[in-house]
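# Structural overview
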Amino acid sequence: MAEMKDFEDLEAHLIRYQPAGPPADLRDTVMALASQVLRGRGLGVRWYAAAATLLVAFNLATERYICSRTAPETPCLPPATSMSEYRDVIASLNGLAGEWSKWEALLFVGPRAPGLRPTTPKDLFQEWER
Amino acid sequence: MTDDELLERISRGDVEALAELYDRHSGLVYQFALALVRSRDAAEEVVQESFLGLLKSRSRLASVRDIRSYLLRIVRNEVSHRRRRHEADASALEVVEAREGLSAKEVLEVNEVLARLPEEQLTVVVLKVWQGMTFAEVADALDIPANTAASRYRYAMEKLRQWLR
């Protein structure tokens with residue numbers, strides 16, 4: 001019993017040092033992230049990354065195929081491919097990638113489209129917006 | 001509103017209910033995480049990931065009997081993941097922090113003493129002394145027999161009594 005009494009006294013002493021909870025701003029962070037989790041944003045980001053990877057791989061494979069069938073000595077651009085055809089490809093992925101794929105098209109696909117070079121990224125984006 | 005009612009709402013994706021649950025139990029989660037990772041920054045990360053983990057696994061909340069035990073299990077899992085990722089815990093314990101009424105010297109001394117306790121004893125002390133949990137509740141949360149929880153508490157308190165003399 002004496003030992004338990006000692007422990008009670010020690011507990012009372014230790015309680016003085018009990019840490020406060022986490023900082024107040026952590027609550028805001030957690031709730032903001034929770035809202036994203038519920039909207040599926042975390043999953044969405046992974047989908048965007050996967051879609052982008054697939055798209056780049058698709059473009060490279062297509063270009064390589066067309067080059068092999070046409071004129072290897074010329075700059076390796078798909079000669080019969082227009083921006084509108086590229087747009088169709090991108091549009092098929094839009095459900096997954098949304099706005100992101102537009103930028104992916106600008107950065108990776110657009111510069112490969114014939115008839116659009118030389119151009120600035122701004123011109124290309126305006127072309128895409130039409 | 002009871003914890004069970006909050007869990008039911010969280011299982012339907014209610015963020016307000018999660019906020020209420022956070023307000024009730026983040027102190028417990030934080031202190032327990034502190035005892036395991038021994039640094040405030042790391043403990044905050046564990047708190048964040050634990051509550052998000054609860055939300056991500058919301059489809060399983062219907063079977064939860066005791067939210068405190070459930071949260072502490074999530075914390076233990078999160079800390080295990082951190083350790084597997086080789087995110088080392090702090091070597092110096094930062095459990096107790098300076099505040100009004102506590103001198104820097106006192107804080108340093110108590111942190112040093114708590115740091116000398118093995119993790120399995122420190123976690124029992126945190127849950128029993130700071131959270132007021134019974135040995136049965138501690139045992140349930142840590143997946144150990146109640147007798148083991150009681151003996152770890154006794155060993156820890158005997159050491160602390162000597163060291164704080």
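Residues numbered from 1 in each chain as written. Chains lettered and ligands numbered in written order. Predicted model: local features only at pLDDT ≥ 70, side-chain atom pairs only at ≥ 80, totals over all residues. Heavy atoms only, no water.

### A few points about the confidence of the model for chain A
Residues and elements named next belong to chain A. Here chain A shows a mean pLDDT of 60. Residues at 70 or above account for 26%. The weakest mean pLDDT in chain A belongs to helix 5 (residues 99-109) at 48; the strongest belongs to helix 2 (residues 24-39) at 86. Residue range residues 106-125 is modelled with pLDDT below 50. Its contacts to residues more than four positions away, or to other chains, number 32 contacts. (pLDDT = per-residue confidence, 0-100. Helix = DSSP H or I, 4+ residues; strand = E, 2+ residues; numbered from the N terminus. Contact = heavy atoms within 4.5 Å.)

### Examining the environment of G13 of chain B
Within the secondary structure layout, G13 of chain B lies in the loop between helix 1 (3-11) and helix 2 (15-37). Sequence separation between G13 of chain B and L55 of chain B is 42 residues, and the spatial gap between their C-alpha atoms is 7.6 Å. Residues contacting G13 of chain B, with those up to four places away along its chain left out, are L38 of chain A together with R58 of chain B.

### Points about the interface of chain B and chain A
Counting residues at the interface gives 39 residues for chain B, matched by 26 residues for chain A. Regarding the contact of chain B and chain A, the summed buried area is about 3100 Å², with carbon and sulfur atoms giving 67% of it. Summed over the three residues of chain B that lose the most area to chain A, namely Y22, W130 and R161 of chain B, the buried surface amounts to 19% of that side. Where chain B touches chain A, the interface holds three salt bridges. Between R16 of chain A and E106 of chain B there is a salt bridge, with the nearest N and O atoms lying 3.3 Å from each other. The interface formed by chain B and chain A holds eight residue pairs in polar contact (both at pLDDT 80 or more) in total. Only helix 2, helix 3 (40-56), helix 5 (104-115), helix 6 (119-130) and helix 8 (146-163) of chain B provide two or more residues apiece to the side of chain B that touches chain A. Looking at the side of chain B that touches chain A, the element that brings in the most residues is helix 2 of chain B, giving ten residues. Class assignment for the residues of the side of chain B that touches chain A results in 21 nonpolar, seven polar and eleven charged. (Buried area = accessible area lost by both parts, 1.4 Å probe. Salt bridge = Lys/Arg side-chain N within 4 Å of Asp/Glu carboxyl O. Polar contact = N/O pair within 3.5 Å; in protein donor to acceptor, adjacent residues only side chain to side chain. Nonpolar A, V, L, I, M, F, W, Y, C, P; charged D, E, K, R; others polar.)

### Comments concerning the pattern of salt bridges
Side chains bearing opposite charge may pair, as long as their charged atoms lie close to each other. Scanning the model with the defined rule gives 14 salt bridges over all chains in all. D23 of chain B serves as the salt-bridge partner of R27 of chain A, at 2.6 Å between the closest nitrogen and oxygen. Note that R27 of chain A is positioned in helix 2 and D23 of chain B in helix 2, a pairing that runs across two chains. Classification of R27 of chain A as partly exposed rests on a relative accessible area of 28%. When the shortest N-O distance is used, the salt bridge between R83 of chain B and E119 of chain B registers 2.9 Å. Placement of R83 of chain B in helix 4 (residues 67-84) and of E119 of chain B in helix 6 is noted, with a sequence separation of 36 residues between them. The exposure class assigned to R83 of chain B is partly exposed, which follows from its relative accessible area of 32%. E119 of chain B sits in the partly exposed class, given a relative accessible area of 30%. (Buried < 20%, exposed > 50% of the residue type's maximum accessible area, 1.4 Å probe, protein only.)

### Regarding the nonpolar core
Core analysis: the biggest nonpolar cluster contains 69 residues, and I10, L54, V96, L114, W130 and L160 of chain B have the highest contact counts within it. Here this core takes 15 residues from helix 2 of chain B, the largest share from any one element. (Core = buried A, V, L, I, M, F, W, Y, C linked by side-chain atoms within 4.5 Å.)

### Describing the packing of helix 6 of chain B against helix 8 of chain B
Residues and elements named next belong to chain B. With their axes 8 Å apart at the nearest point, helix 6 and helix 8 run at an angle of 95° to one another. Here helix 8 runs roughly perpendicular to helix 6, going by the angle between their axes. Across the interface between the two elements, E120, Q121, V124, V125, K128 and V129 from helix 6 touch A149, R152, Y153, Y155, A156, K159 and L160 from helix 8. Here the contact of helix 6 with helix 8 is built from residues that sort into eight nonpolar, one polar and four charged. (Axes fitted to C-alpha atoms, helices over the stretch in contact; angles between N-to-C directions. Parallel < 35°, antiparallel > 145°, perpendicular 65-115°, else oblique.)

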